Amino acid sequence: MHEAPPAALTAPAAPPADSGPLAPEPLAPGLKQRHLTMLGLGGVIGAGLFVGSGAGIAVAGPAIVVSYLVAGALAMLVMRMLGEMSAAMPASGSFSVHAERALGRWAGFSVGWLYWFLLVVVLAVEATAAAQIAHGWVPAVEPWAWVLLFMVVFTAANLTAVKNFGEFEFWFASLKVGAIVVFLGLGLLAVFGWLPDTDPVGMANLTGQGGFLPNGWGGVVAGVLTVVFAFGGLEVVTIAAAETADPARAVGRAVRSAVVRILFFYVGSMLVIVTVLPWTAQQAGLSPYVKVLDAIGVPSAGQIMNIVVFVALLSALNANLYASSRMVFSLAERGEAPRGLLKVSGGSQGRPGTDGASGTGGGVPRRAVLASVAFGFVSVLLNLLWPDTVFLYMLNSVGAVLLFVWALIAASQLRLRARLEREAPQALALRMWCFPYLTWLTLAGLLGVLLLMLTDDGARPQVLWSAGATALVVLVAVVRQRRERQERERLAPGRSGREGYGRERSGFSHR
């Protein structure tokens, strides 16, 4: 893919003072607008919505609708900020590149590696859960064999042209979106009594069983803590946008369409669920969608939802493998990961001026894909062998990382927006609303969620372990940066650290 930053940002005086000009990448522009749009719609519609939402309803009651509105608004603001930066400066490393340009190398290194670790750990959860469903359908095949099959299939898909990944995600997301649209339609028919042998439900379930706020506003807050992580995955849109023919326009369209429609699907689904059935009928661990479909007489509702959840898990696995490979490739471009990961199909080494994007299957960072899937296999094995010990610690260590990533996105946008307005205002094709007030409000909201998680016995270990993992990565980043600065000063005593940094960033400047 050849990045296409605005001309003003590629001129020597235009970029922020602490970064060099963005250089073209050899990743092939194989994704189309329909791929990106559907990836934005389906990327966050997963098992967290279809199954995990039952836990949120159990603690918030009908007010889970408000919890989803709050969490969705937070995610929408973060995506708007990320969309602004990605439209102005599209890059395969997305928010990792933005953090580096805004806050320094330590930030780009830290957020890039934390996000990569998050993806490959969660990948193990998704592969194992999908294998359990498949094992239920075909008991003769052991779960480990299903995991192996899934990993091999999606590794092969990601090793070929990026358009194959796009097609997989397009049809996966289409099925999930279609399932929700059908569910919303059936739910509305049930509410108004337009289904055979049904009476109108009305609004009784929204106000009965303790009222709309059966557990008060504390229940709404608890619901936010339960559902906010269900919006993780939207970030993949801005990573994938770098592999389209027109990244700036593609990411703008995808962000505008995805956030509003996802809010509609999430909030609309919750409203239908708590309207059709009393909230007391739901319980954690069981899909509220199955309960509603059973209640309105849809035959084999459980198996239908099992298929949808299965597809959602495979979709997330595929998207996480893709995003993790692009993130570690971007880190390698900037000298923050082994240079050997820069090898792409088509014969190029991931350096400016190469022609690795030629051919239908060119421009794929195959070594980065293999590195990510290798660690994914390790995570799967840990999940199968020690789910309650070693893997549980790993899972806790990434439990709150998404919030840290979102906070760094907001902090990066604060810095880069001011620079863009000063140096390249024409690059701001997509702007954050009410800047900087909503950005500061978002940062305050993220801090509030983290503080509330510390007060919750179940969520506290995730925050503490994630904070520890983040501190460790940041420490490594700072030590690396200091050693590199000392090495530059030793080799060239007359050159300032800032000048050396601008020239040293592999992948961002021509050598």
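Summary of the structure given here. (Residues numbered from 1 in each chain as written. Predicted model: local features only at pLDDT ≥ 70, side-chain atom pairs only at ≥ 80, totals over all residues. Heavy atoms only, no water.)

1. Description of the overall build of the chain
Piece 1. On a plain count of helices and strands, the chain comes out with 21 helices and 0 strands.
Piece 2. Looking at the 511 residues of the chain, the share that counts as buried comes to 56%.
Piece 3. When contacts within the chain are restricted to residue pairs at least 6 apart in sequence, those whose partners lie at least 24 apart make up 78%. (Helix = DSSP H or I, 4+ residues; strand = E, 2+ residues; numbered from the N terminus. Buried < 20%, exposed > 50% of the residue type's maximum accessible area, 1.4 Å probe, protein only. Contact = heavy atoms within 4.5 Å.)

2. Quick look at the nonpolar core
Piece 1. Counting residues in hydrophobic clusters, the biggest one holds 157 residues, and the most contacted among them are Phe-150 and Trp-406.
Piece 2. For this core, the element with the most residues is helix α15 (residues 301–333), which contributes 18 residues.
Piece 3. When near neighbours in sequence (up to four residues on either side) are disregarded, Trp-406 contacts Ala-75, Val-78, Val-228, Phe-231, Gly-232, Glu-235 and Leu-446. (Core = buried A, V, L, I, M, F, W, Y, C linked by side-chain atoms within 4.5 Å.)

3. A look at the pattern of salt bridges
Piece 1. Evaluation of the coordinates by the stated rule reveals 14 salt bridges.
Piece 2. Put simply, Arg-431 and Glu-421 hold a salt bridge, and the shortest N to O gap is 3.8 Å. Taken together, the residues Arg-431 in the loop between α18 (401–423) and α19 (437–454) and Glu-421 in helix α18 connect sequence positions 10 residues apart.
Piece 3. In this structure Glu-421 comes out as partly exposed when scored by relative accessible area, which is 36%.
Piece 4. Where Glu-487 meets Arg-490, a salt bridge forms, and the shortest distance between an N and an O atom there is 2.5 Å. With Glu-487 and Arg-490 both in helix α20 (residues 460–491), this residue pair falls 3 residues apart, about one helical turn.
Piece 5. Overlapping salt bridges bring together Glu-84, Arg-417, Glu-421 and Arg-431 as one network. (Salt bridge = Lys/Arg side-chain N within 4 Å of Asp/Glu carboxyl O.)

4. Points about the packing of aromatic side chains
For any pair of aromatic rings, the description rests on two quantities: the centre-to-centre distance and the angle between the ring planes.
Piece 1. All chains considered together, the criterion is met by 21 aromatic pairs.
Piece 2. Seen in terms of ring centroids, Tyr-68 and Tyr-266 are 5.6 Å apart; in terms of plane orientation they differ by 50°. Their pairing is tilted. Residue Tyr-68 is located in helix α5 (residues 64–88), and its partner Tyr-266 is located in helix α13 (residues 247–276); the two are separated by 198 residues in the primary sequence.
Piece 3. Residue classification places Tyr-68 among the buried residues on the basis of a relative accessible area of 1%.
Piece 4. Residue Tyr-266 is classed as buried on the basis of its relative accessible area of 0%.
Piece 5. Seen in terms of ring centroids, Phe-183 and Tyr-289 are 4.6 Å apart; in terms of plane orientation they differ by 50°. Their pairing is tilted. With a gap of 106 residues between them, Phe-183 in helix α9 (residues 162–191) and Tyr-289 in helix α14 (residues 288–295) connect regions that are remote in the sequence. An identical accessibility class is assigned to Phe-183 and Tyr-289; each is buried. (Phe/Tyr/Trp six-rings, centres within 6.5 Å; stacked < 30°, edge-to-face > 60°.)

5. Description of helix α17 (residues 390–397)
Piece 1. Regarding α17, the residues found buried are Phe-391, Met-394, Asn-396 and Ser-397.
Piece 2. Turning to α17, the residues buried within the fold contact α7 (105–137), α16 (366–385), α18 and α20.

6. A look at unusual backbone geometry
Piece 1. Across the junction of Phe-435 and Pro-436, the peptide omega takes the value 0°, indicating a cis bond.
Piece 2. By the element assignment, Pro-436 lies in the loop between α18 and α19.
Piece 3. The phi dihedral of Ser-94 is positive, around 45°, even though this residue is not glycine.
Piece 4. Looking at the element boundaries, Ser-94 is found in the loop between α5 and α6 (95–103).

7. A look at the environment of Asp-197
Piece 1. Its place among the elements puts Asp-197 in the loop between α9 and α10 (204–207).
Piece 2. The class of Asp-197 is exposed, set by a relative accessible area of 84%.
Piece 3. Note: C-alpha distance between Asp-197 and Ile-296 (99 residues apart in sequence) is 9.3 Å.

8. Considering the side chain of Thr-439
Piece 1. Turning to its location among the elements, Thr-439 is positioned in helix α19.
Piece 2. Relative accessible area serves as the criterion here: at 0%, Thr-439 is assigned to the buried category.
Piece 3. A distance of 2.8 Å separates polar atoms of two side chains, one belonging to Thr-439 and the other to Gln-413.
Piece 4. Those residues in contact with Thr-439 that lie beyond four places of it in its chain are Met-81, Ala-410, Gln-413, Leu-414 and Met-432. (Polar contact = N/O pair within 3.5 Å; in protein donor to acceptor, adjacent residues only side chain to side chain.)

9. Quick word on the packing of α6 against α18
Piece 1. Remark: α6 packs on α18, axes separated minimally by 8 Å, with the N-to-C direction vectors making an angle of 55°. With respect to each other, α6 and α18 are oriented oblique. The handedness of the crossing between α6 and α18 comes out as left-handed. Contacts between α6 and α18 involve Phe-95, His-98, Ala-99, Arg-101, Ala-102 and Leu-103 on the former and, on the latter, Val-405, Leu-408, Ile-409, Ala-411, Ser-412, Arg-415, Leu-416 and Arg-419.
Piece 2. Class assignment of the residues belonging to the contact of α6 with α18 gives a composition of 9 nonpolar, 2 polar and 3 charged. (Axes fitted to C-alpha atoms, helices over the stretch in contact; angles between N-to-C directions. Parallel < 35°, antiparallel > 145°, perpendicular 65-115°, else oblique. Left-handed = near helix turned anticlockwise from the far one by under 90°. Nonpolar A, V, L, I, M, F, W, Y, C, P; charged D, E, K, R; others polar.)

10. A few points about the packing of α5 against α13
Piece 1. Look at α5 against α13: their axes get within 10 Å of each other, and the N-to-C directions meet at 175°. One way to sum up the angle between α5 and α13 is to call them roughly antiparallel. Counting all contacts with α5, which are made through Ile-64, Val-65, Tyr-68, Leu-69, Gly-72, Ala-73, Met-76, Met-79, Arg-80, Gly-83, Ser-86 and Ala-87, the residues of α13 involved are Ala-248, Val-251, Val-255, Arg-256, Val-259, Leu-263, Tyr-266, Val-267, Met-270, Leu-271 and Val-274.
Piece 2. Residue composition of the contact of α5 with α13, grouped by class: 18 nonpolar, 3 polar and 2 charged.

11. Remarks on the side chain of Ser-67
Piece 1. Within the element layout of this structure, Ser-67 appears in helix α5.
Piece 2. Residue Ser-67 is classed as buried on the basis of its relative accessible area of 0%.
Piece 3. A distance of 2.8 Å separates a polar side-chain atom of Ser-67 from the backbone oxygen of Val-220.
Piece 4. Dropping the residues within four chain positions of it, Ser-67 is found in contact with Ala-60, Gly-219, Val-220, Gly-223, Val-224 and Val-227.

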